[in-house]
Amino acid sequence: MRRAIGVLIDWLICWGLAAFIYMYTDAFGGTATLTYLLWVVMGIITGWLFARTPGMAILGMGIARIDEPGHTVGLWRAALRTILTGFVFPAAIVDEDGRGMHDRATGTTVIMSR
C-alpha cells in the first residue's frame, strides 16, 4: 500500500505540472498524456540521481541494487524500472519477497527507511 501511495504522490505532482504547462501550450498533447510523460521523465531522473522518487522520499522509501549493495542504481536500471512500472502489471505482480517484476528485471528492490 505504501508503494501505491508513493506512485500516487508522484502522479499528483506530475498532474499539477502538466496542468500548469497545458495552460500555456498544447504541444505535448492533453493533460493526461503530459502527466504520463512527466511521470516517466521524473521517475527516470530521480531514480537515477537520488535512488527514489519524490513520493518515495516523502514516505521514507528508496531503491537499492541487489547485486551490489551500496552502489548507485544507475541510469539504465532507473529507466527500465520506470518504463516497466508504467505498464502497471510488472509492478503489481510480486514474488515471495514482495519484489515486483520490474524490480526483479533490474536487480533492484524497494527499501524502507522508517
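Conventions and cut-offs
- Residues numbered from 1 in each chain as written.
- Predicted model: local features only at pLDDT ≥ 70, side-chain atom pairs only at ≥ 80, totals over all residues.
- Heavy atoms only, no water.
- Helix = DSSP H or I, 4+ residues; strand = E, 2+ residues; numbered from the N terminus.
- Rg over C-alpha atoms; globule rule 2.2 N^0.38 Å.
- Buried < 20%, exposed > 50% of the residue type's maximum accessible area, 1.4 Å probe, protein only.
- Contact = heavy atoms within 4.5 Å.
- Areas by Shrake-Rupley, 256 points an atom, 1.4 Å probe, with all protein chains shown as cover.
- Lys, Arg positive; Asp, Glu negative; His and termini not counted.
- Charge placed at Lys NZ, Arg CZ, Asp CG, Glu CD.
- Expected span 1.5 Å × (residues − 1).
- Axes fitted to C-alpha atoms, helices over the stretch in contact; angles between N-to-C directions.
- Left-handed = near helix turned anticlockwise from the far one by under 90°.
- Nonpolar A, V, L, I, M, F, W, Y, C, P; charged D, E, K, R; others polar.

### Overview of the overall build of the protein chain
Working step 1: Counting its regular elements, the protein chain contains six helices and two strands.
Working step 2: When the helices and strands of the protein chain are read in sequence order from the N terminus, they spell out α-α-α-β-α-α-α-β.
Working step 3: Taking 114 residues into account, the globule formula puts the C-alpha radius of gyration at 13 Å, and the protein chain, at 14 Å, falls close to it.
Working step 4: Burial analysis of the protein chain (114 residues in total) assigns 38% to the buried set.
Working step 5: Summarising the internal contacts of the protein chain: among those between residues at least 6 apart in sequence, 58% fall at separations of at least 24.
Working step 6: When the accessible surface of the protein chain is totalled, it reaches about 6,700 Å², and 72% of it is carbon and sulfur.
Working step 7: If the 9 positive side-chain charges of the protein chain are averaged to one point and the 8 negative ones to another, these points end up 5 Å apart.

### Re helix 1 (residues 2-24)
Working step 1: A rise of 1.5 Å per residue sets the reference length of helix 1, with its 23 residues, at 33 Å; its end C-alpha atoms lie 34 Å apart and thus fit the reference within 8%.
Working step 2: Where helix 1 is concerned, the buried positions are Gly 6, Ile 9, Asp 10, Cys 14 and Ala 18.
Working step 3: The elements touched by buried residues of helix 1 are helix 2 (31-50), helix 3 (54-58) and strand 1 (61-65).

### Digging into the packing of helix 2 against helix 4 (residues 75-86)
Working step 1: Remark: helix 2 packs on helix 4, axes separated minimally by 8 Å, with the N-to-C direction vectors making an angle of 145 degrees. The element helix 2 and its partner helix 4 pack so that their crossing is right-handed. Residues Tyr 36, Trp 39, Val 40, Gly 43, Ile 44, Gly 47 and Trp 48 of helix 2 form the contact with helix 4, whose participating residues are Leu 75, Ala 78, Ala 79, Thr 82, Thr 85 and Gly 86.
Working step 2: Along the lines of polarity and charge, the residues of the contact of helix 2 with helix 4 split into eight nonpolar, five polar and no charged.

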